[in-house]
Amino acid sequence: MTRVVRFHEYGSANVLRIDDIEVPAPAADEVQIAVRAIGLNRAEVMFRNGAYLQEAEFPSRLGYEAAGTVKTTGSDVSGFAEGDAVSVIPTLDMSRWSTYGEVINIPARYAVKHPAALTFEKAAASWMQYVTAWGALIDQAKVTADDFVIVSAASSSVGIAAIQVARSVGATVIATTRTSAKAQALTDAGAHHVIATADGDLTARVKEITGGKGARVVFDPIGGPAIAQFAEVMAVGGILLEYGALSPDEGPFPQFAVLGKSLTIKGYLYTEIVNDDDALARAKAFITDGLESGKLDPLVSRTFQFDQIQEATRFLESNEQIGKIVVTV
């Protein structure tokens, strides 16, 4: 029997339970992993609340990220052996291939041998955030050293990853956050400039920082009225990649800025990369190289024990952290 986290109804963190179940042998294309650490994501909170793209079938497991060692492999799997240290790239079905457990089965396509110097905690905090940021900034926006990049809601794990990914190619990063409370932490995390949107003039500050040119790239999970605000501070020919909808409000379409500056506003999903074999291979190479060189360094805000999964999830929902919450197993 193996301990796994499941929920039997939608609700708060209180519905999460640790159950003992039998984990089957891996399918032909899967690896079985003895989990050492689990990375928590807001998508899992939405799934547990019934507010995600995927609906749960109860009792449901959950979880996108983990790291551990290979226990065994399916008959069709090559390139992995018992004892290999691996981390998990989020799959397209968290209930089928969930990671909140002591032992998990994952398709080999989503398993990566991580650099030897990387801890299991940092490995479990890597792939959702870095694949998301890489896909938007490198694969789609083609960020270079000549660019100014605005990363909004920058204290999230994806925001921190975006700061590092943009910096790794030499871009200048402008991080935005609601108040100044996290400004120093964002500077410490690598942002060249930090703007607290509730305390300062976004337009004036971006104009000052960019010498009047504006930012060519905006990476935003907020949406709503923020889209029009960011469009006003973008450069001619700029691209805004919208990867979330944290704002519950609809905002006006910034038609004059879009037309006057020939802007692109694009909805972006992590699945665009994971669904594409070539793009996923490029992401794996870029991220593994960055982890090995130290240009990409996952920021783990706090760790919890497996038995503290409810407490860990509540802390994630409190939005008090900068970076990633990790559960050790």
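Enquirer: In this structure, what is going on with the packing of aromatic side chains? I would like to understand it.
Expert: What describes a pair of aromatic rings is the distance from one ring centre to the other and the angle between the planes of the rings. Applying the stated criterion across every chain yields a total of eight aromatic pairs. Between Phe7 and Tyr10 the ring centres are 6.4 Å apart and the planes differ by 40 degrees, which places this aromatic pair in the tilted class. Note on Tyr10: relative accessible area 34%, which makes it partly exposed. Taken together, the aromatic side chains of Phe7, Tyr10, Phe47, Tyr52, Phe58 and Tyr64 make up a single cluster linked through ring pairs. Over the face of the ring belonging to Phe80 we find Lys113, whose NZ or CZ atom lies 5.9 Å from the ring centre. Geometry around Phe315 places Arg302 over its ring, the cationic atom sitting 4.8 Å from the centre.

Enquirer: How do you make sense of the pattern of salt bridges when you look at a structure like this?
Expert: For the coordinates displayed, the defined rule picks out 14 salt bridges. Note that Glu65 is salt-bridged to Lys324, the shortest N-O span being 2.5 Å. Taken together, the residues span a long stretch of sequence, with Glu65 in strand S5 (residues 65-73) and Lys324 in strand S16 (residues 324-328) at a distance of 259 residues. One exposure class covers both Glu65 and Lys324, and it is buried. For Arg282, the salt bridge is made with Asp139, and the minimal N-O distance between the two is 2.7 Å. With a gap of 143 residues between them, Arg282 in helix H10 (residues 277-293) and Asp139 in helix H3 (residues 127-140) connect regions that are remote in the sequence. With a relative accessible area of 42%, Arg282 lands in the partly exposed category. Taken together, the salt bridges that share partners define one network made up of Arg3, Glu102 and Asp307.

Enquirer: Would you mind showing me how to read the sheet that holds strand S10 (residues 172-177) here?
Expert: The strands making up a sheet associate through hydrogen bonds between their backbones, and the pairing can be parallel or antiparallel. Taken in spatial order, the six strands line up as S11-S10-S9-S12-S13-S14 in an open sheet, and their pairing is parallel. The sheet is open, and its two edges are formed by strand S11 (193-196) and strand S14 (264-267), each paired on a single side. Adjacent strand axes in the sheet meet at a mean angle of 15 degrees, parallel and antiparallel pairs treated alike. Summarising the sheet, strand S9 (residues 148-151) and S10 pair through four bridges and their orientation is parallel. Residue Ile150 lies in a different strand from S10, and its bridge partner there is Ile174. In the packing of H3 onto the sheet, the strands contacted are S9, strand S12 (215-220), strand S13 (234-242) and S14, and the crossing angle to S12 comes to about 155 degrees. In the packing of helix H6 (residues 202-209) onto the sheet, contacts are made with S9, S10, S11 and S12, and the angle to S11 comes to roughly 165 degrees.

Enquirer: Mind showing me how you'd approach the side chain of Ser247 here?
Expert: Of note, Ser247 is situated in the loop between S13 and helix H8 (255-261). Here the side chain of Ser247 touches Asp249 through a polar contact of 3.2 Å, landing on its backbone nitrogen. Among residues more than four places away in sequence, those in contact with Ser247 are Ile222, Gly223, Gly224 and Pro225.

Enquirer: What exactly am I supposed to notice about the sheet that holds strand S1 (residues 2-7) here?
Expert: Taken together, three strands build an open sheet; the order of strands is S2-S1-S4 and the sheet is antiparallel. Each edge of the open sheet carries a strand with a single partner, namely strand S2 (16-21) and strand S4 (60-61). Sheet analysis places S1 next to S2, joined by six bridges and oriented antiparallel. Across the sheet, the residue bridging to Phe7 is Leu16, located in S2.

Conventions we followed
Residues numbered from 1 in each chain as written. Predicted model: local features only at pLDDT ≥ 70, side-chain atom pairs only at ≥ 80, totals over all residues. Heavy atoms only, no water. Phe/Tyr/Trp six-rings, centres within 6.5 Å; stacked < 30°, edge-to-face > 60°. Buried < 20%, exposed > 50% of the residue type's maximum accessible area, 1.4 Å probe, protein only. Lys NZ or Arg CZ within 6 Å of the ring centre and 35° of its normal. Salt bridge = Lys/Arg side-chain N within 4 Å of Asp/Glu carboxyl O. Helix = DSSP H or I, 4+ residues; strand = E, 2+ residues; numbered from the N terminus. Pairing = 2+ DSSP bridges. Axes fitted to C-alpha atoms, helices over the stretch in contact; angles between N-to-C directions. Contact = heavy atoms within 4.5 Å. Polar contact = N/O pair within 3.5 Å; in protein donor to acceptor, adjacent residues only side chain to side chain.

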